[in-house]
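Letter by letter, the chains look like this.
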Amino acid sequence: MPRTRGPLRLTFLAVTLGALLAVTACGQGGGSGDGGKTIRIAYQAFPSGDLIVKEEGWLEKALPGYDIKWTKFDSGASINTAFVAGSVDLAAIGSSPVARGLSAPLNIPYEVTWVLDVAGDNEALVARNGSKISSVKDLEGKKVATPFSSTSHYSLLAALDQAGVDASKVQLLDLEPQDILAAWTRGDIDATYVWLPTLEELKKTGEVIVSSRELAADGKPTLDLGVAATRFLKAHPDVLPAWRKAQAQALDLIHDDPDAASAAVGKQLGISPAEAGSQLKQGIFLKPAEQADAKWLGTPGRAGGLVDNLHSAAQFLVDQKQIDSAPDIEALHKAIHAEGLSDAVSP
């Protein structure tokens with residue numbers, strides 16, 4: 001069920017605190033906030049330019065003086081936990097978790113530095129064959145899984161709200177993608193809102209009801225973003241330009257040489273280049289120069305439309321009683337790091 005205030009909320013906060021202490025313990029000794037030459041990167045296994053950068057080792061080549069550590073995370077919620085614990089410097093994370101992270105009570109001191117992709121058909125609500133679900137309205141009384149605090153969770157709530165379905169009348173289950181696949185296989189859930197590559201596997205025995213591309217068209221877009229801890233940006237000003245150049249190179253590869261991009265992503269996901277290529281086509285990838293467009297990150301002193309996107313997402317989470325309050329526009333402006341962006345994305 002959605003998280004609420006009261007005893008359940010207190011229990012959740014206690015569990016989260018325990019997780020933070022555990023992550024902090026694991027992260028001690030390798031921090032970069034003290035001037036060390038280590039870069040701790042949180043990545044997620046979804047088709048993106050970030051996987052290309054990792055596979056090709058472009059960041060390692062650009063920054064040979066750093067020890068670069070890539071750690072896989074299953075959701076944005078766990079990445080936020082790692083940021084709070086101070087055990088991550090850079091990350092690939094969804095816009096909904098970022099909106100949550102910038103809001104109270106987390107108030108994570110990180111900044112948005114890049115748009116990895118705009119969610120399209122790569123995230124969707126899919127119903128298991130035989131579940132008798134053919135529309136969002138049919139979810140009432142059904143067991144529906146999604147990773148809580150993720151872009152998929154946000155999109156599921158948006159779809160329910162749009163269809164006039166009370167979320168409290170849906171049996172919402174908080175499961176990570178790999179656990180969703182297992183529950184689906186056992187027949188424990190009726191539907192799920194999740195992303196690739198898990199989504200691709202589920203579509204073999206299920207039907208897509210609505211995708212994030214459709215929700216974006218109706219005013220509820222979600223994105224995958226690059227974020228960096230503010231303290232890390234200040235301590236290592238040489239890292240972000242190199243990281244952005246590598247990400248821009250990856251976007252160029254996706255647009256200009258899809259076969260090479262598919263091969264790299266396929267290696268990271270353990271699937272064939274053909275499968276990876278099909279999954280890449282389901283996302284929406286900007287051209288590097290578009291990063292600085294007024295619709296997205298914008299320019300120094302003139303943050304782009306991403307500010308409104310994050311504010312809208314945070315306000316929706318407030319309305320859904322997922323967070324207490326949304327950050328003000330000024331705080332979100334400060335969280336968009338457009339400095340140096342034009343240099344990184346210029347041909």
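For the structure itself, consult the block above.
Model, not experiment: these values are computed from the prediction.

### Topic: the sheet that holds strand S2 (residues 67-72)
- Read across the sheet, five strands follow the order S2-S1-S3-S10-S4 without closing on themselves; strand pairing throughout is mixed. Edge positions in the sheet fall to S2 and strand S4 (110-118), since each of these pairs with one other strand and no more. Within this sheet the neighbouring strands show an average axis-to-axis angle of 25°, counted without direction.
- As paired elements, strand S1 (residues 38-43) and strand S3 (residues 90-94) share two bridges and run parallel to each other. Residue Ala-42 lies in a different strand from S3, and its bridge partner there is Ala-91.
- Running over the sheet, helix H4 (residues 76-84) touches S1, S3, S4 and strand S10 (223-229) and is turned about 145° from S3.

### Some details on the packing of aromatic side chains
- Within this structure, the stated rule accounts for four aromatic pairs.
- With centroids separated by 6.1 Å and ring planes inclined at 75°, the aromatic side chains of Tyr-43 and Trp-70 adopt a geometry described as edge-to-face. Of this pair, Tyr-43 sits in strand S1 while Trp-70 is found in strand S2, placing the two residues 27 residues apart along the sequence. Each of the two residues, Tyr-43 as well as Trp-70, counts as buried.
- Where Phe-83 meets Tyr-110, the ring centres are 4.9 Å apart and the plane angle is 85°; that geometry is what we call edge-to-face. In this pair, Phe-83 is assigned in helix H4 and Tyr-110 in strand S4, connecting sequence segments 27 residues apart.
- When its relative accessible area of 2% is taken as the criterion, Tyr-110 is described as buried.

### Here's the deal with the pairing of strand S6 (residues 143-146)
- Taken together, the four bridges between S6 and strand S7 (residues 171-174) define a ladder with parallel strand orientation. Pairing of Ala-145 across the sheet is with Leu-173, part of S7.
- Traced from S6 through helix H6 (residues 151-163) to S7, the parallel crossover comes out right-handed.
- Bridge count for S6 against strand S8 (residues 191-195) is two bridges, and the pairing is parallel. Bridging from a neighbouring strand, Ala-145 pairs with Thr-192 of S8.

### Some thoughts on H6
- Across its 13 residues, H6 extends 18 Å between first and last C-alpha, which sits within 8% of the 18 Å expected from 1.5 Å per residue.
- For H6, the buried fraction is high: eleven of the 13 residues fall into the buried class.
- By the burial criterion, the buried members of H6 are Thr-151, Ser-152, His-153, Tyr-154, Ser-155, Leu-156, Leu-157, Ala-158, Ala-159, Leu-160 and Ala-163.
- The N-cap residue of H6 is Ser-150: its side-chain oxygen and the backbone nitrogen of Ser-152 are 3.3 Å apart.
- Of the residues one or two after H6, Gly-164 is the one with positive phi, at around 75°.

Rules of the game
- What you see as residue numbers is a count from 1 along each chain, following the sequence as written.
- With the structure being a predicted model, the display of local features is reserved for residues of pLDDT at least 70 and the display and counting of side-chain atom pairs for 80 or more, all residues being used for whole-chain, interface and lining totals.
- The side-chain quantities take in all heavy atoms of the structure and omit both hydrogens and water.
- Pairing between strands is defined by DSSP: at least two bridges between them are needed.
- Secondary structure is summarised from DSSP: a helix means a run of H or I of at least four residues, a strand means a run of E of at least two, and numbering begins at the N terminus for each.
- Axis lines are fitted through C-alpha atoms, for helices just across the contact stretch, and the angle between N-to-C directions can take any value from 0 to 180 degrees.
- Whether two residues touch is decided by their heavy atoms; if any such pair falls within 4.5 Å, the residues are in contact.
- Only the six-membered ring of Trp is used, alongside the rings of Phe and Tyr, when aromatic pairs are assigned; centres must lie within 6.5 Å, and planes under 30 degrees apart are stacked while those over 60 apart are edge-to-face, with the rest tilted.
- Type-normalised accessible area, obtained with a 1.4 Å probe on protein chains alone, sets the label of each residue: buried when under 20%, exposed when over 50%, and partly exposed for intermediate values.
- For a crossover, the right-handed case is the one in which the path from the first strand over the helix to the second runs clockwise, viewed with the strands pointing away from the viewer.
- Working rule for helices: expected span equals 1.5 Å times residues minus one.
- Here a polar contact is taken to be a pair of N or O atoms separated by no more than 3.5 Å, where protein atoms must pair a possible hydrogen donor with a possible acceptor and residues adjacent in sequence count only if both atoms sit in side chains.

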